Amino acid sequence: MITEPATDGIVDASVLYLYRADARLDEVFEARLVLEELVTQLAPGRVDEDDLARLRELVKGEAAGVAGDYRALHSLLAAITKNPALELFVDILNTVSLLYFADPKALTHKTLDDVAHAHSRIAEAVIGGDAGLARHRMRAHLEAEAEFLRRRRSTRQVLDPTTSIKAPDASKRAEGVAREMFSGIVAGRLATGDLIGSEAELMERYGVSRAIIREAVRLLEHNNIAAMRRGPGGGLFVLAPSVSAVTDVVALYLEHHGIRVASVFELRMGVELALIDRVIDNMDASGEERLRAALEREMAASEDFTIAAHDVHAVIASLSGNRVLEFLSVVLIRLSRLHELGQLSSRSRRTVGSEVSHAHGAIIEALIAKDRELSRHRMQRHLEVLSGFFR
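**Student:** Explain the pattern of salt bridges here, please?
**Tutor:** Proximity of charged atoms lets side chains of opposite charge pair with each other. Under the counting rule described, the total for this entry stands at 29 salt bridges. In this structure, aspartate 51 engages arginine 54 in a salt bridge whose closest nitrogen and oxygen atoms are separated by 2.6 Å. Remark: arginine 54 and aspartate 51 occur in helix α3 (residues 49-63); sequence separation between them is three residues, near one turn of the helix. By relative accessible area, which is 3% here, aspartate 51 ends up buried. A salt bridge links glutamate 143 to arginine 139; the shortest N-O distance between them is 3.1 Å. Here glutamate 143 and its partner arginine 139 are both found in helix α7 (residues 131-151), four residues apart, which amounts to about one turn of the helix. What makes arginine 139 partly exposed here is its relative accessible area of 32%. What emerges from the salt-bridge pattern is a single network uniting Glu37, Arg135, Arg139 and Glu143.

Below, the structure is given as structure tokens:
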């Protein structure tokens, strides 16, 4: 039976990727600030009467202490933006941030009252149509939440290595074996390309049948943790962390929810402009060299510019120093490519490729010069023009 795509699978894949990328709690909150400031910028202009009623009901429930989920306001505000991609990633990062925190007893009545008060003030600004005030209050609220978590002894700066590996069609035993294999990779500090074992060795090591091993391997392959190579010298080998598993399930989810190209680029705009500021702060000779090399690869691309062109954006994301923002950017880049592959003819790609390369060169020039305002202006203009090709 075909079922509706759910966020659980996306969260699981995202958590595994962020763990393997060694993403820290501070990076998660920095990314949440970028997303949720964008939410508070958009929501006041898109709120309707039904949204107003839901906001008032939620705030009233929180004030009375009967709210079931104190993250609900964040999800509701994201839903009000009418951007499914933004709503999805706000939900993912809200869920992920809780995984760094293992002491629910610290959420006292006083703490929850403070949260309810902050939510009420944010909602008040959104209902009043004051995007600037809503954004200011959201930033203050998230900064206070991050500081609260940092002060807790039970808070981790990195995710727990016992992160679960799940799949809807996997047996419990196969899940358990996959989890044990993953823990072994972590404990043994295995690197990309290291051999975990042959199929026969894995059957003996875990005391299970070939069918269970193959199902466990499928789970690891699905999450881009390891892959089985057949033939002489074959076996299960560690893979480099990749967002492809996340992108595939995100694409399915957003397609089901009627995502528009404009929504993808609206979110890309917010994320990539935030990246610009961080890249300039981190720019050095190595970063300059990587940017120039990416542009050279793009200029040398012949027919299909899409992979090389997006490599420039991927390099910019990696130079930000924030692995969570880089993760968001790469997923959005891959989603953009799916639209490009389906909509552009070979002739159109050559035309677009020439314009994109020129824009990328101008952006890189401004980044290397550490001209923040010009870099942001050129990136914004570039993404506006690029989104127009796919509408």
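**Student:** Whenever I open this one, the packing of helix α5 (residues 84-98) against helix α11 (residues 244-256) confuses me. Can you help?
**Tutor:** Packed helix pairs are specified by the crossing angle of their axes together with the interaxial distance, meaning the distance between the axes. Running from amino to carboxyl end, α5 crosses α11 at an angle of 130°, the nearest separation of the two axes being 10 Å. As far as their axial angle goes, α11 and α5 are oblique. Considering the relative orientation of α5 and α11, their crossing is right-handed. In this structure, α5 uses Pro84, Ala85, Leu88 and Phe89 to contact α11, whose residues at the interface are Val250, Tyr253 and Leu254. Here the residues of the contact of α5 with α11 sort into seven nonpolar, no polar and no charged.

**Student:** How should I be thinking about α3 in this particular structure?
**Tutor:** Residues lying three or four places apart along an α-helix face the same way, a consequence of the helix completing one turn every 3.6 residues. Here α3 spans 21 Å end to end across 15 residues, near enough to the 21 Å set by a 1.5 Å rise per residue. Asp51, Leu55, Leu58, Val59, Gly61 and Glu62 are the residues of α3 that are buried. Taken around the axis of α3, the buried residues stretch over an arc of 160°, which confines them to a single face. Facing away from the buried side of α3 by over 90 degrees, the exposed positions are Glu49, Asp50, Arg56, Glu57, Lys60 and Ala63. Of the surrounding elements, those touching the buried residues of α3 are α2 (25-46), α4 (72-80) and α6 (109-127). Regarding α3, its N-cap is aspartate 48, as a side-chain oxygen of that residue lies 3.1 Å from the backbone nitrogen of aspartate 50 further along.

Criteria and thresholds
Residues numbered from 1 in each chain as written. Predicted model: local features only at pLDDT ≥ 70, side-chain atom pairs only at ≥ 80, totals over all residues. Heavy atoms only, no water. Salt bridge = Lys/Arg side-chain N within 4 Å of Asp/Glu carboxyl O. Helix = DSSP H or I, 4+ residues; strand = E, 2+ residues; numbered from the N terminus. Buried < 20%, exposed > 50% of the residue type's maximum accessible area, 1.4 Å probe, protein only. Axes fitted to C-alpha atoms, helices over the stretch in contact; angles between N-to-C directions. Parallel < 35°, antiparallel > 145°, perpendicular 65-115°, else oblique. Left-handed = near helix turned anticlockwise from the far one by under 90°. Contact = heavy atoms within 4.5 Å. Nonpolar A, V, L, I, M, F, W, Y, C, P; charged D, E, K, R; others polar. Expected span 1.5 Å × (residues − 1). Arc of directions from axis to C-beta. Polar contact = N/O pair within 3.5 Å; in protein donor to acceptor, adjacent residues only side chain to side chain.

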